[in-house]
Amino acid sequence: MARVSTNLSLDADLKKAGQELYADLGMDLSTAFTIFLKQSLRVQGIPFAVTRDVPNRETMEALQEYEEMKAHPEAYKRYSSFKELLNEVREDA
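We now turn to the structure provided with this report. This one's a predicted model, so the numbers in the text were calculated from it and none came from an experiment.

### Re helix 3 (residues 57–71)
Inference 1: Here helix 3 contains 15 residues, and its C-alpha end-to-end distance of 21 Å stays within 8% of the 21 Å for a straight helix at 1.5 Å per residue.
Inference 2: Where helix 3 begins, the side chain of N56 points an oxygen toward the backbone nitrogen of E58, at a separation of 3.2 Å.

Here it is, written out as structure tokens:
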């Protein structure tokens, strides 16, 4: 099978991380991409589920708390400085 050269534009950090991962698995990025393409052709699509990141429960609760604070700022204590907040936290400890 004849080989052709293909250029891909990747984030430099993503490329480096990918190269390190695949080197650890005994292959280079070109081989990994070839495997991805062959698998894509075999399944006639992307060979894995493409989904959005779903925040975990703790993150969802923090986001809900943020929305509540934004909607009702009068219900929450305000500080004139970060130092003031730290002093109160230290007093409570």
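### Concerning the layout of surface pockets
Inference 1: Volume-wise, the largest pocket comes out at about 770 Å³.
Inference 2: Looking at the largest pocket, it is lined by 23 residues, and the ones nearest its centre are L8, L29, S30, F33 and T34.
Inference 3: Elements with a contribution of two residues or more to the lining of the largest pocket: helix 1 (12–24) and helix 2 (29–43).
Inference 4: Residue contributions to the lining of the largest pocket peak at nine residues, all from helix 2.
Inference 5: Grouping the amino acids of the lining of the largest pocket by side-chain chemistry returns 14 nonpolar, six polar and three charged.

### Quick word on unusual backbone geometry
Inference 1: Residue Q44 is not a glycine yet carries a positive backbone phi of 60°.
Inference 2: Considering the arrangement of structural elements, one finds Q44 in the loop between helix 2 and helix 3.

Basis of the calculations
Residues numbered from 1 in each chain as written. Predicted model: local features only at pLDDT ≥ 70, side-chain atom pairs only at ≥ 80, totals over all residues. Heavy atoms only, no water. Helix = DSSP H or I, 4+ residues; strand = E, 2+ residues; numbered from the N terminus. Expected span 1.5 Å × (residues − 1). Polar contact = N/O pair within 3.5 Å; in protein donor to acceptor, adjacent residues only side chain to side chain. 1 Å grid on protein atoms, 1.4 Å probe; cavity = no way out; pocket = protein on both sides within 12 Å on 5 of 7 lines; lining within 4 Å. Points joined across faces, edges and corners; volume = space filled by probe spheres on them. Nonpolar A, V, L, I, M, F, W, Y, C, P; charged D, E, K, R; others polar.

Keep in mind these values describe shape, not function.
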